Amino acid sequence: MKNIKSIKTIKFLALLFVSSIAFVGCSSDDDHGDDHDHEEELITTVRYTLTNGTDVVTLEFQDLDGEGGAEGTFDVSGPLTANTTYSGVIQLLNETESPADNITLEVEDEGDDHEFFYTPTISDITVSKDDLDEDGNPVGILTTLVTGGAGTGSLTIELIHEPTKPNDGTSINAGGSTDIEVTFSIEVQ
Amino acid sequence: MGVLIAISSFSYSQNCNYIFLGEVKDFHDGTAIESATIHIKESDTYLISDLDGKFKIENLCSGTLTLTISHIGCETKTVSYSIENDVFKIISLEHHLEELNEVVVNSHLKTEGTSIEQTLNKADLEKYTDKSLGDALNSVSGVSSLNTGNTIVKPMIHGLHSSRLLIINNNVRMFDQEWGDEHAPNIDINASNKVEVIKGANTLKYGSDAIGGLILIQPKRYVARDSLFGSTMLSLNSNGRGGNVNSELIKTYKSGFYGRIQTSYKQFGDFEGPDYKLTNSGLKNINASARIGYRSFEKGFDAYYSVVSNELGILQASHIGNVNDLVTAINSRTPRVIEDFSYDIDYPKQNILHNLAKIEAYKRFKNFGKLSVQYDMQINRRKEYDLRRGDLANTPVIDLRLFTNSLQTNLNTDAIDNLKLDTGVLVRYQQNDAISGTGVSPLIPDFEKYDASIYAIGNFDLNDSSELSAGARYDFTRINAEKLYNLTDWEETYNYDELFPQFETNTVENSKILTRPEFTFHNISANVGYSKQFNNNISLFVNYGLATRVPNPSELFSDGLHHSAARIETGLLTLNKEFANKFVASLERNNQNFGFSISPYFKHINDYIQLIPVGITTTIRGAFPVWEYNQINAQIFGVDIDVNKKITDKFNYKGSISLLKGENLTEDIPLIHMPSTNFTNSISYYNDELNQLSINLTHKTVLQQNEFPDYNFYTFNPILQEDVYVDISSTPPAYSLFSFNSSVSFKAFKTGSLKLELNVENLLNTKYNEYLNRQRYFSDELGRNINLKIKINY
């Protein structure tokens, strides 16, 4: 008798278990948006503006149709002046929207998960980061760029998502995944 | 539950004068089973059990006695005894759930007389209760898998997968966005009773495009008797610190009605390689299925519903930004993110919900045949999440919902002697909805697909030992899609404005053009099969098939960035259908003492669609390789060999080897992603009298794939100011793995049983990489896992 009873209990418990999970399984969300408004959230533009008084140089990369399609375009407004200290600001924009969406603000909000890296090939140029995230580590939206002697080369700007922070200041050792990587040809004269 | 109980014995010294008394009982309620057939192997004679389930064998010599006991509705059972004196044994037959531990390579019950197939029965499937369908199928020779990490496992037959493989679940063809390489079939292995891998056969009933083969997932047929039974199984694992619990309950009635309810819950945290944790590789699954039906000879119905809900973590280190990140990952040999163990499933991840419902009914007409009608419906919702920023952090990058429903009929006429004819029609409507709000241009656009098919298959019994089958099928397919193209891609890169001006609309916005591509395909496919039985359990099967496959939506339309592969994948509207000629043969010997199967195959595929790298594009994220679909002529050939041998009474050997060669005939180079030569050896010990103790040691070696196409390239790294080599093609070295399995069964409660299993996978904690794992650049495969399973039948 005892055995039969325990069997019944087990069967009952099994049934309870089965039906409870079945309900959980069925209640999964299946929300349905059918408006077919496939608005894209892109970063179309990287604009690095360097200012020293009236000496303003902008480095801009623009790819309005995103990955694929037409290739992006690079635009450098002019040469940098030798032995000059520029204050730099970087902007990430989505220009498919009007007015353009400023994505730099999102990076700023999540500063502890992001860092900009500036890598010039002209050894005289130094870039220092002037802003800090909530943990006191640099973010790199605001920078100071100091030029030395004349020369030509390139400047690569990277935005790394989830880098190791703090790091040694180079993107190679910062890990993370690359959200932005653009390389501008620059000239110092 | 101890199936056998030795009661008493008498001692005689004389040879050939022993008596064996047997009693056949129902495993569950102990009632006597009359009219069971008992085959005595040694003398090749048959006996029938009497009203009390008893039978008697006289004049036995000392030595081994092997009996095969079968009864309608019961699992056939083979037992052997060593006869040294008179013996009385109770033999219990199982009428449900367990197929017991029969050591046979193939089951004789084929879907079709001429088909070349291999079967995984319930006991095989239970080993994989907390794994996936792909893992279970991997144990079949000739079947491998294309993996993304260790939880997304796509089965592959003879190097072919995705749309070239038909998966039929409960007579419903699965449509779960199977076109993607990282889309695993949404099937709960615990819901099925038997899985058949059909390499060559008349698969025309299910579709015209089974170039690779067919995977048939079969439910159990229940015996019409009043009974309530079930089982619960718990599986726990050291690697991933998780497991699975599965329960099922079945009610059957003498009238023919039956019902079954089943559910499983699975959860794992981060898995571990031999050297480090694989951060964010955990998963969470909830599955449930319910079935009700009625079955009699004349008529019946079957209704089935299942829901599979998967949340799969994707190795965090595999999220990379551009090709330089990929180079860093390939060169570093350790994942870039290694964190402490956690059950959390963070981004990137996949969330998939698959609903499947069907209802089928049949009626038999006298002197004519059996007519079945089936309606089925599937909804597959796939959300893929990536690491994102700001408001979109919790929004999926891919959100697709595929709705499929079909109505089909099958008429099986057997009124003519020696000829069985199956004819049927099918209509299907499919709709893909690229759910808006992802903030990303959808990888697969909105589309509607209409199918209509008609087929006829005949099976002729030529004589007692040979059978011929032949069939043909016609398919009509129409695809209507709506997709935004980059104007530059449409007009310049692919020249679609001249090739397909009829698809254009006048809507151009943000440098994108709205298009309405429409395609119509007509497909003819055919199949011929022949089988012949020889003496000594040897049989020969030969099969020829002509299969055609319409390009899938991913091949036609896909357009976008794949983060884990750091590549942009682009479909092509100009693709034609694939056209395959395939030959498969098999020579088999089905015997417990020494059995084998040698199965060579040859497939020639015209306009084989493949995805290969074609160049590099510069984006705001840096450089990306662009992968495009193209079409070539391909051929794949090879052989699968299985051997089983009884070493002694209790020891058995099983081995298999698969050899395959895939060639791109157009360019005279190897095909990409073809499985390399692999072989397995396993030794098992089984003792029925010692609580069905089973111990198994298995070894598997996978050799390095030396035949692969070289798609490596150089890319300029602006930080290092140098060209770096991107080695995406080289294959990992050979590896060998050992695994250990053991199990015992006990009698528990009154009519139930308790089964315990202890298993160890990757026994030596070997560090290895597999060519067919898309994440081989980012981490090693799994290290050692210790698994404990407890199963209660009640």
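Throughout, residues of each chain are indexed from 1 in the direction in which the sequence is written. All chains are assigned letters beginning at A, and all ligands numbers beginning at 1, according to the order in which they are written. At least 70 in pLDDT is required for a residue's local features to be given in this predicted model, at least 80 for side-chain atom pairs to be given and counted, and no such filter applies to totals for whole chains, interfaces and linings, which use all residues. Note: side-chain values were computed over all heavy atoms of the structure, leaving out hydrogens and water.

Draft legend 1. The arrangement of the overall build of chain A in detail. Where helices and strands are cited, they refer to DSSP runs of H or I of at least four residues and of E of at least two residues respectively, numbered from the N terminus. Scanning chain A from terminus to terminus reveals 2 helices and 10 strands. Put simply, chain A runs from its N terminus to its C terminus through helices and strands in the order α-β-β-β-β-β-α-β-β-β-β-β. Only protein chains enter the accessibility calculation, which uses a 1.4 Å probe; a residue whose area is less than 20% of its type maximum is buried, one above 50% is exposed, and one in between is partly exposed. Burial statistics for chain A: of 189 residues in total, 42% are counted as buried. We call two residues contacting when some pair of their heavy atoms lies within 4.5 Å. Sequence-distant contacts in chain A: of pairs separated by 6 or more residues, those separated by 24 or more amount to 63%. Carbon and sulfur atoms make up 52% of the accessible area of chain A, which totals about 9100 Å². Working definition of accessibility: Shrake-Rupley area with a 1.4 Å probe, residue cover restricted to the visible protein chains.

Draft legend 2. Local environment of the overall build of chain B. A count of helices and strands for chain B gives 6 helices and 46 strands. As defined in this context, the radius of gyration uses C-alpha atoms, and a globule is described by 2.2 Å times the residue total to the power 0.38. Against the compact-globule benchmark of 28 Å for 794 residues, chain B has a radius of gyration of 28 Å, which places it among compact chains. In terms of overall dimensions, chain B has a C-alpha envelope of 95 × 60 × 45 Å along the principal axes. Residues classed as buried in chain B amount to 61% of the 794 residues present. In chain B, the share of contacts with a sequence separation of at least 24, taken over all contacts with a separation of at least 6, comes to 67%. Summed over its atoms, the accessible surface of chain B is roughly 30300 Å², and 54% of this surface lies on carbon and sulfur atoms. His is not counted, nor are the chain ends; Lys and Arg add positive charge and Asp and Glu add negative charge. By convention, charge coordinates are those of NZ in Lys, CZ in Arg, CG in Asp, or CD in Glu. Of the charged side chains in chain B, 74 are positive and 93 negative, and the gap between their average positions amounts to 6 Å.

Draft legend 3. Representation of the pairing of strand 3 (residues 37–40) of chain B. All names here are of chain B. Relative to strand 4 (residues 45–48), strand 3 is paired through 4 bridges, and the arrangement is antiparallel. Paired with threonine 37 across the bridge in strand 4 is isoleucine 48. The turn joining strand 3 and strand 4, which pair antiparallel and follow one another in sequence, is formed by 4 residues; a positive phi near 55° is taken by aspartate 44. By the convention used here, strands pair only if DSSP detects at least 2 bridges between them.

Draft legend 4. Up close: the sheet that holds strand 6 (residues 63–70) of chain B. All names here are of chain B. Here 4 strands make up an open sheet; going across it, the order is 4-3-6-7 and the pairing antiparallel. The sheet terminates laterally at strand 4 and strand 7 (77–83), the two strands that pair on one side only. On average, each strand axis in the sheet is tilted by 25° relative to the strand beside it, whichever way the strands run. Sheet topology note: the strand 3/strand 6 ladder contains 4 bridges and is antiparallel. Within strand 6, the position partnered with threonine 37 by the bridge is serine 70. Only the stretch in contact is used when a helix axis is fitted, and all axes are lines through C-alpha atoms; the angle between N-to-C directions ranges over 0 to 180 degrees.

Draft legend 5. Broad picture of the domain arrangement of chain B. Throughout, the edges of the domains are those of an automatic or database domain assignment. Once the domains are mapped, chain B shows domain 1 (5–93) and domain 2 (217–793). With centres defined by C-alpha atoms, the gap from domain 1 of chain B to domain 2 of chain B works out at 44 Å.

Draft legend 6. Structural view of a nonpolar patch on the surface. Residue and element names in this part refer to chain B. Only residues whose relative accessible area exceeds 30% and that form no salt bridge are eligible for patches; like-charged ones are grouped when within 9 Å, while nonpolar side chains (Val, Leu, Ile, Met, Phe, Trp, Tyr) are grouped when within 5 Å. Salt bridge, as used here, is a side-chain nitrogen of Lys or Arg placed within 4 Å of a carboxyl oxygen of Asp or Glu. A contiguous nonpolar patch, built from Ile359, Phe365, Phe368, Leu371, Val373, Tyr375, Leu407 and Val427 and spanning about 660 Å² of accessible area, is present on the exposed surface. Those elements giving two or more residues to the nonpolar patch turn out to be strand 23 (349–365) and strand 24 (369–385). It is strand 24 that contributes the most residues to the nonpolar patch, 3 residues altogether. Within the fold, phenylalanine 368 resides in the loop between strand 23 and strand 24.

Draft legend 7. Just unusual backbone geometry, in detail. Lysine 165 of chain A connects to proline 166 of chain A through a cis peptide bond whose omega is -5°. Tracing the chain through its elements places proline 166 of chain A in the loop between strand 9 (151–161) and strand 10 (177–188). For the bond running from tyrosine 347 of chain B to proline 348 of chain B, omega is -5°, close enough to zero to count as cis. In this fold, proline 348 of chain B is placed in the loop between helix 3 (323–332) and strand 23. With phi around 45°, arginine 241 of chain B is a residue other than glycine that occupies positive phi space. Position of arginine 241 of chain B among the secondary structure elements: in the loop between strand 16 (227–237) and strand 17 (243–252).

Draft legend 8. Representation of the pattern of salt bridges in the model. Going through the model one piece at a time under the given rule, you end up with 40 salt bridges over all chains. Glutamate 23 of chain B serves as the salt-bridge partner of lysine 25 of chain B, at 3.9 Å between the closest nitrogen and oxygen. Given a relative accessible area of 24%, lysine 25 of chain B falls into the partly exposed group. The shortest N-O distance in the salt bridge between arginine 401 of chain B and aspartate 433 of chain B comes to 3.1 Å. Taken as a pair, arginine 401 of chain B in strand 25 (residues 398–413) and aspartate 433 of chain B in strand 26 (residues 419–434) lie far apart in primary sequence, 32 residues in all. For the pair formed by arginine 401 of chain B and aspartate 433 of chain B, the shared burial category is buried. A network of salt bridges, in which partner residues are shared, links Glu106 and Asp179 of chain A together with Arg389 and Arg621 of chain B.

Draft legend 9. Representation of the interface of chain B and chain A within the structure. On the chain A side, the residues contacting the 66 residues of chain B number 64 residues. Both faces combined, the contact of chain B with chain A buries some 5400 Å², and carbon together with sulfur accounts for 57% of it. Here the quantity called buried area is the total loss of accessible area, with a 1.4 Å probe, experienced by two parts when brought into contact, counted for both. Three residues, Arg389, Ile620 and Ile719 of chain B, lead the burial of chain B against chain A; their summed loss comes to 16% of the area buried on that side. The tally of links between chain B and chain A comes to 3 salt bridges. Between glutamate 106 of chain A and arginine 389 of chain B there is a salt bridge, and its shortest N-O distance comes to 4.0 Å. N or O atoms within 3.5 Å of each other form a polar contact, as long as, within protein, one can give a hydrogen and the other can take it, and as long as residues adjacent in sequence are counted only when both atoms are side-chain atoms. In this structure, the connection of chain B to chain A is made through 13 residue pairs in polar contact (both at pLDDT 80 or more). Top element by residues in the side of chain B that touches chain A is strand 18 (residues 257–268) of chain B. It accounts for 5 residues. Class assignment for the residues of the side of chain B that touches chain A results in 27 nonpolar, 25 polar and 14 charged. Throughout this entry, Asp, Glu, Lys and Arg are counted as charged residues, while Ala, Val, Leu, Ile, Met, Phe, Trp, Tyr, Cys and Pro are counted as nonpolar. The remaining residues, Gly among them, count as polar.

Draft legend 10. Main features of the environment of serine 656 of chain B. All names here are of chain B. Position of serine 656 among the secondary structure elements: in strand 38 (residues 651–664). Given the relative accessible area of 14%, serine 656 is considered buried. Taking C-alpha positions, serine 656 is 9.3 Å from glycine 142, a pair spaced 514 residues apart along the chain. With near-sequence residues (within four places) excluded, serine 656 lies in contact with Ser141, Ile641, Asp642, Asn678, Phe679 and Thr680. Separated by 2.7 Å, the side chains of serine 656 and threonine 680 make a polar contact.

Draft legend 11. Region of interest: the environment of lysine 266 of chain B. Residues and elements named next belong to chain B. Position of lysine 266 among the secondary structure elements: in strand 18. Between the C-alpha atom of lysine 266 and that of asparagine 310, which follows or precedes it by 44 residues, the distance is 9.3 Å. Those residues in contact with lysine 266 that lie beyond four places of it in its chain are Asp130, Lys131, Gly243, Asn244, Leu283, Lys284 and Asn285. Polar side-chain contacts of lysine 266 include one of 3.2 Å to the backbone oxygen of lysine 131.

Draft legend 12. Representation of the pairing of strand 21 (residues 283–295) of chain B in the model. All names here are of chain B. Where strand 18 meets strand 21, 12 bridges bridge the pair, whose relative direction is antiparallel. The partner of lysine 266 across the bridge, within strand 21, is asparagine 285. Strand direction decides the pairing type here: strand 21 and strand 22 (residues 299–313), joined by 13 bridges, are antiparallel. When the sheet's bridge partners are listed, isoleucine 286 is paired in strand 22 with serine 309. Where strand 21 hands over to strand 22, the hairpin turn is made up of 3 residues, counted between the paired strands.

Draft legend 13. Quick peek at the confidence of the model for chain B. Residue and element names in this part refer to chain B. Each residue gets a pLDDT score, which is the predictor's confidence in that residue and runs from 0 to 100. In the predicted model, chain B carries a mean pLDDT of 88, and 94% of its residues have values of at least 70. Under a pLDDT of 50 for its full length, residues 1–14 has, in the predicted model, 40 contacts with residues more than four places off or in other chains. Within the model, the stretch residues 96–109 combines pLDDT values under 50 with 43 contacts to residues more than four positions away or in other chains.

Draft legend 14. Structural detail: the confidence of the model for chain A. Per-residue pLDDT for chain A has a mean of 84; in total, 79% of the residues score no lower than 70. Counting contacts from residues 21–35 of chain A, a segment whose pLDDT is below 50, to residues more than four positions away or on other chains yields 28 contacts.

Draft legend 15. Structural view of the packing of aromatic side chains. All names here are of chain B. Between the rings of Phe, Tyr and Trp (Trp by its six-membered ring), a pair exists once the centres lie within 6.5 Å; its type follows the angle of the planes, with under 30 degrees stacked, over 60 edge-to-face, and the other angles tilted. Per the stated rule, a full pass over the model turns up 30 aromatic pairs over all chains. Ring centres of tyrosine 222 and tyrosine 258 lie 6.0 Å apart, and the angle between their planes is 55°; this geometry places the pair in the tilted category. Of this pair, tyrosine 222 sits in the loop between strand 15 (213–218) and strand 16 while tyrosine 258 sits in strand 18, and the two are 36 residues apart along the sequence. Residue tyrosine 222 is classed as buried on the basis of its relative accessible area, which comes to 13%.

Draft legend 16. Region of the structure containing the sheet that holds strand 9 of chain A. Residues and elements named next belong to chain A. Read across the open sheet, the 3 strands follow the order 6-9-10; overall the sheet is antiparallel. Taken across any chain shown, the strands that pair with only one partner, and hence form the sheet edges, are strand 6 (114–120) and strand 10. With strand direction ignored, the average angle separating the axes of adjacent strands in the sheet is 15°. As paired strands, strand 6 and strand 9 are joined by 7 bridges and run antiparallel to one another. Bridge assignment links histidine 114 to a residue of strand 9, and that residue is histidine 161.

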